[in-house]
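# Fold and geometry: a report
Chain by chain, the residues run as shown.
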Amino acid sequence: IYTLSLHDALPILVLFDDMDKLSMEAAAVKEQVFKVIDRILATGKCFIATTNLRKPEDFTEKFGEAVVSRLVGSCRFIVFDGDDYRFKIAERRQK
């Protein structure tokens, strides 16, 4: 796990796993998330985020319009739909 500082040189690929789990209650956190995403996209680095959010309004509610605008304008959204694989594994173990 790498903690990204705004002053660090960016790696080639930045991955946010479970981005929806970020606590966005504090204004300082919202601003940091905005700055990191803005910097990643402005420098043309690869950015992958996973989330359980599905609807655009869920993203806007969680991250704010400025972050969502950048993501929509610069990213491709890929939806993986189906059963939770963890439940399938648990079912197999119980058999």
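You'll find the structure just up there.
A few words now on the nonpolar core. With 13 residues, the main nonpolar core has Met 19, Ile 37, Ile 40, Phe 47, Phe 63, Val 67 and Leu 71 as its most contacted residues. Going through the elements one at a time, helix H1 (27–42), helix H2 (56–63) and helix H3 (65–74) are the ones with two or more residues in this core. The element that contributes the greatest number of residues to this core is H1, accounting for four residues. Excluding residues that lie within four positions of it along the chain, Leu 71 makes contacts with Ile 37, Leu 41, Phe 47 and Phe 77.

A few words on the pairing of strand S2 (residues 46–49). Here strand S1 (residues 13–16) runs beside S2; their pairing, made up of four bridges, is parallel. Note on S2: the bridge partner recorded for Phe 16 is Ala 49. Each parallel crossover has a hand, and for S1 linked through H1 to S2 it is right-handed.

Turning our eyes to something else, we now look at the side chain of Asp 20. Summarising the element assignment, Asp 20 is placed in the loop between S1 and H1. By relative accessible area, which is 13% here, Asp 20 ends up buried. Side-chain polar atoms of Asp 20 contact the side chain of Lys 21, separated by 2.8 Å. There is a polar contact of 3.1 Å between the side chain of Asp 20 and the backbone nitrogen of Asn 52. Dropping the residues within four chain positions of it, Asp 20 is found in contact with Thr 50, Thr 51, Asn 52, Leu 53, Lys 62 and Phe 63.

Taken as a whole, this structure holds four salt bridges when the rule is applied. Ionic pairing is found between Lys 35 and Glu 31, a salt bridge with its closest N-O pair at 3.1 Å. Of this pair, Lys 35 and Glu 31 both sit in helix H1, four residues apart, roughly one helical turn. The partner of Arg 54 in a salt bridge is Asp 81, with the nearest N and O atoms 3.6 Å apart.

Conventions used here
- Residues numbered from 1 in each chain as written.
- Predicted model: local features only at pLDDT ≥ 70, side-chain atom pairs only at ≥ 80, totals over all residues.
- Heavy atoms only, no water.
- Core = buried A, V, L, I, M, F, W, Y, C linked by side-chain atoms within 4.5 Å.
- Buried < 20%, exposed > 50% of the residue type's maximum accessible area, 1.4 Å probe, protein only.
- Helix = DSSP H or I, 4+ residues; strand = E, 2+ residues; numbered from the N terminus.
- Contact = heavy atoms within 4.5 Å.
- Pairing = 2+ DSSP bridges.
- Right-handed = clockwise from strand over helix to strand, strands pointing away.
- Polar contact = N/O pair within 3.5 Å; in protein donor to acceptor, adjacent residues only side chain to side chain.
- Salt bridge = Lys/Arg side-chain N within 4 Å of Asp/Glu carboxyl O.

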